[in-house]
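# Working through the structure, step by step
Each chain is listed here by its residues.
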Amino acid sequence: MDRAAATTQPVILPAPPGSGKTFVAGLIHACSGLAEHPCVELDCAQQLAQMEGILSGIASGAVVSAGLHLGQRDRYRNQRIVIIQPSGGERYLSTAMWPGGETDVG
């Protein structure tokens, strides 16, 4: 956690819902040099499904999040960022990641 807090780069925590990743992200942010700024959380897998109709997995959500962060850097403005989705979302349909899935994922 100290290593992640020491950088100003985005930290991606690909983990299933209910695993505590939001709590860990908050701890990393609180220990970082960016603690005075708001912590930005993105659940890109759900956003991809809701906004684009793309059923993706947790790892794909993390890759999209990284691509979005890269796209905000001056070096990558007006550049095409290609993202290869490494996981599908069908295995998560019965989890808390999706409405109607289980509420306790251990």
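Everything in this summary refers to the structure shown in the same document.

On to the side chain of Ser87, then. Position of Ser87 among the secondary structure elements: in the segment after α4 (58-71). The class of Ser87 is buried, set by a relative accessible area of 16%. Of the polar contacts made by the side chain of Ser87, one reaches the backbone nitrogen of Ala59; its length is 3.4 Å. With residues near it in sequence (within four places) discarded, Ser87 still touches Ser56, Gly57, Ile58, Ala59 and Ser60.

Listed as buried for helix α2 (residues 21-30) are Ala25, Ile28 and His29. In an axial view of α2, the angular spread of the buried residues amounts to 100°, which keeps them on one side of the axis. In this structure, α2 carries Phe23 and Ala30 as exposed residues pointing more than 90 degrees from its buried face. At its buried positions, α2 is contacted by α1 (2-5).

Our next topic: a nonpolar patch on the surface. Residues Met1, Val11, Leu13, Phe23, Val24 and Leu27 make up a contiguous nonpolar surface patch of about 500 Å² in total accessible area. Tracing the backbone shows Leu13 in the loop between α1 and α2.

Each value, and the rule that gives it
- Residues numbered from 1 in each chain as written.
- Predicted model: local features only at pLDDT ≥ 70, side-chain atom pairs only at ≥ 80, totals over all residues.
- Heavy atoms only, no water.
- Helix = DSSP H or I, 4+ residues; strand = E, 2+ residues; numbered from the N terminus.
- Buried < 20%, exposed > 50% of the residue type's maximum accessible area, 1.4 Å probe, protein only.
- Polar contact = N/O pair within 3.5 Å; in protein donor to acceptor, adjacent residues only side chain to side chain.
- Contact = heavy atoms within 4.5 Å.
- Arc of directions from axis to C-beta.
- Patch = residues over 30% accessible without salt bridge, like charges linked within 9 Å, V, L, I, M, F, W, Y side chains within 5 Å.
- Areas by Shrake-Rupley, 256 points an atom, 1.4 Å probe, with all protein chains shown as cover.
- Salt bridge = Lys/Arg side-chain N within 4 Å of Asp/Glu carboxyl O.

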